Amino acid sequence: MTINWGALGLVAGVTLVATVIVVSLVATAAKLLDAGHVRQQAGQATGFTLVGAWALLGIVGLIVLFGLWLVIPYFH
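Everything numeric here is computed off the predicted structure, so don't read it as measured data.

Caption draft 1: Representation of the side chain of Thr-49. Structurally, Thr-49 can be placed in helix α2 (residues 49–71). Among the polar contacts listed, one links the side chain of Thr-49 to the backbone oxygen of Thr-46, at a separation of 2.9 Å.

Here you go:
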């Protein structure tokens, strides 16, 4: 049995990049939610802050559902 180190490295790299993207999206959404709530409590218009935050969380939810679809063989 041999190990294809190139394929293993590729999987590790893609996993790292995907993790950074998902965590960055969630962190940005959390920051936007906080900023929107602060502006709302100050009586200012929230603009697209809360809408953008919920949109980012929706995108993350879709990414998670796609990952589950890939992992669970029943759906294929």
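Caption draft 2: Highlighting a nonpolar patch on the surface. Together, Leu-62, Val-64, Leu-65, Phe-66, Leu-68, Trp-69, Leu-70, Val-71, Ile-72, Tyr-74 and Phe-75 make up a nonpolar patch on the protein surface, roughly 1200 Å² of accessible area in all. Along the chain, Phe-75 turns up in the segment after α2.

Caption draft 3: Up close: helix α1 (residues 5–41). End to end, α1 covers 54 Å across 37 residues, agreeing with the expected 54 Å (1.5 Å per residue, within 8%). Next to the buried residues of α1 lie α2.

Caption draft 4: How the structure looks around the environment of Ala-27. Examined against the element boundaries, Ala-27 turns out to sit in helix α1. Taking the C-alpha atoms as reference points, Ala-27 and Ile-72, separated by 45 residues in sequence, lie 27 Å from one another.

Conventions we followed
Residues numbered from 1 in each chain as written. Predicted model: local features only at pLDDT ≥ 70, side-chain atom pairs only at ≥ 80, totals over all residues. Heavy atoms only, no water. Helix = DSSP H or I, 4+ residues; strand = E, 2+ residues; numbered from the N terminus. Polar contact = N/O pair within 3.5 Å; in protein donor to acceptor, adjacent residues only side chain to side chain. Patch = residues over 30% accessible without salt bridge, like charges linked within 9 Å, V, L, I, M, F, W, Y side chains within 5 Å. Areas by Shrake-Rupley, 256 points an atom, 1.4 Å probe, with all protein chains shown as cover. Salt bridge = Lys/Arg side-chain N within 4 Å of Asp/Glu carboxyl O. Expected span 1.5 Å × (residues − 1). Contact = heavy atoms within 4.5 Å.

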